[in-house]
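Chains, contacts and geometry: an overview
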Amino acid sequence: MHGTIGFNGKSKIIIQIMAALVALAAVAFFGANHCFAAKKFDLSEYDGPKMKDLYYVITRDMDAALLAMSTGKLDVLSDIYRPADVERLRADDGADLSMASSFHGFFLTFNTRKFPWDQKALRQAAAQIVERRKWVRDLFSGYCEPMSTFLPAISPFCDTDAPALPLGLDEARKTLEDAGWTWNRSGWLVAPDGRELPTTEILCPPSSVAATSTEIAALFAEALISLGVPSEAEPLDFQTMLARVDVGDFDACTNAWTMSRDPDVMFAFYHSSMDVEGGYNISGISDGELDETLRELRYAPDEDTAREASSRAQRILNELCPVIPIYSRYSISALSKNWNGIFETDRNTSDNLVTMISMTPRDGGERPIYWNITEEIRTLNPLVSSTAYDWTVLGTVYDTLLSVDPYTFEDISWLAEKWSIETDDKGSVLDFTLRDGLLWQDGRPLTVEDVAYSIQFIKDNDVPRFFDSVKDVESVEFDKDARTLRVTMSNVSYWHLHNIGGGVLVMPKHILENVPNWRAWQPTNRPHKALDGTELTELIGSGPVTFRESRTGEYVRMTRNENYFLLRGGAR
């Protein structure tokens, strides 16, 4: 439910044993050609996009997508997770598979705002009966790993030593008995105050969209029933499910995130201030000790402080159980062998932005790229969109000041050619210098005034999806002639550079200042003319491709951004 920008969003991987094991597994599984020497990304080596047209093809049925891949009607297929599909693609001579570790996390989430899941003992007992290792082994046959804490194992901040509740039905029953819970004659739980439990509906996508999510919801419902909690899995149209979750209209649900490289993502997920409509604190958890610890994590001045606060936050969450971590998925994608220019590393599968920029047909011809999306687009309003499917599109329309080296996951220049950060007792100052000659997709100049306006717009309007990145901004100043931007933060945080440089979309002022209602804004339905008279829409960014049209249930059509800063002859 969470999108990515650039090279896997703000993902950060420090080389450690887990990363090495995953890389070795990829080599053993997919072949030695997927082994990569340590290097750094050199932006000057890339010139593109090379292809003129890109179609995001909406194929919700994986079997249909696999057939389209084998018959040449799809070029890129992402989000492959069923073992049978992996084996089928391995046997396909026309496709190459790639696998990489990821910051993915799948959770069962409780609505802690209302009875019965506002009861900590019940949440703890539910966590104790989850057989995550068995579920993951049976459903994924080794293509995922069980996740026992609130950051994926690949994260250097993951605390695998955090004390965990004892597992098992007997242990869960003891947890409840110690808290004063009882069972009636029918075997159903009764709360300490005498209230009987209503049926818990576990919202999940339908099996046609995410079969494993549906199955996990069903397995969890069975486990809860064995504990005495009346429960049922409730598959819903994905968009309907998201709409209910956004307003807190649910008992429990499945959800998955592609998380940040920075552990302060837990602030967004679990701090009480983020419990707003459309915000990331889906569970609505509110706890004073947790809030304070997450605040220490968010405003940690250095890595050591951040590491200690991150570990403490995970331990508190292990006790509060607002969500139950289930698994972290390896990223697996397939790409047609009919293309040259494929880019991948041991930490990035081939379905990435660099591949999109570099792809050319092996036969030397010219044809569109067909890139699969496995679910309907919910909205292409970047200010409210929350799904990975939406951000597959939006992440190629908009850019950020900085991006992430796909080899090392260090910061690299993007729209900003250089940057610096200074801190003192009063706060932090971030300075950025934009590249010269940047243009929007409509041909108008992209300047530091646009960047400043984007930051201020998000802050002034309390835009939930991005507000966490800008809420500590004290002032934004710019010099258009010098192409410099200065962002003054009201405090010190180890994460400010990533939040501003990689966490804020750069959007055109000339579009934003005319948006009457940002929540209801549908940019693709509002016409907008480029400087050369070309008919576009208000979905205007500086990314490699420009939105042209969408057809519900069929495709989203994009064309090459002739003004892209990496395109030969375009802005430099």
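Our focus in this paragraph is the packing of aromatic side chains. One pass over the full model with this rule turns up 22 aromatic pairs. With 6.0 Å between their ring centres and 80 degrees between their planes, F41 and F343 make a pair best called edge-to-face. One end of the pair, F41, is in the loop between helix 1 (17-30) and strand 1 (53-58); the other, F343, is in the loop between strand 13 (339-340) and helix 12 (353-358), with 302 residues separating them in the sequence. Residue classification places F41 among the buried residues on the basis of a relative accessible area of 12%. The exposure class of F343 is buried, given its relative accessible area of 7%. For the pair Y46 and F343, a centre-to-centre distance of 6.2 Å together with 85 degrees between the ring planes defines the contact as edge-to-face. Taken together, the residues Y46 in the loop between helix 1 and strand 1 and F343 in the loop between strand 13 and helix 12 connect sequence positions 297 residues apart. By relative accessible area, which is 16% here, Y46 ends up buried. Grouping aromatic residues by their ring pairs yields a cluster made of F150, W257, F269, Y270 and Y280. Residue placement shows R195 over the ring face of F115; its charged tip is 3.8 Å from the ring centre.

Within the fold, T200 resides in strand 8 (residues 200-204). Within the structure, the side chain of T200 is placed 3.0 Å from the side chain of W117, a separation counted as a polar contact. In this structure T200 touches P116, W117, V229, P230, S231, E232, D251 and A252, once residues within four positions along its chain are discounted.

Cut-offs applied
- Residues numbered from 1 in each chain as written.
- Predicted model: local features only at pLDDT ≥ 70, side-chain atom pairs only at ≥ 80, totals over all residues.
- Heavy atoms only, no water.
- Phe/Tyr/Trp six-rings, centres within 6.5 Å; stacked < 30°, edge-to-face > 60°.
- Helix = DSSP H or I, 4+ residues; strand = E, 2+ residues; numbered from the N terminus.
- Buried < 20%, exposed > 50% of the residue type's maximum accessible area, 1.4 Å probe, protein only.
- Lys NZ or Arg CZ within 6 Å of the ring centre and 35° of its normal.
- Polar contact = N/O pair within 3.5 Å; in protein donor to acceptor, adjacent residues only side chain to side chain.
- Contact = heavy atoms within 4.5 Å.

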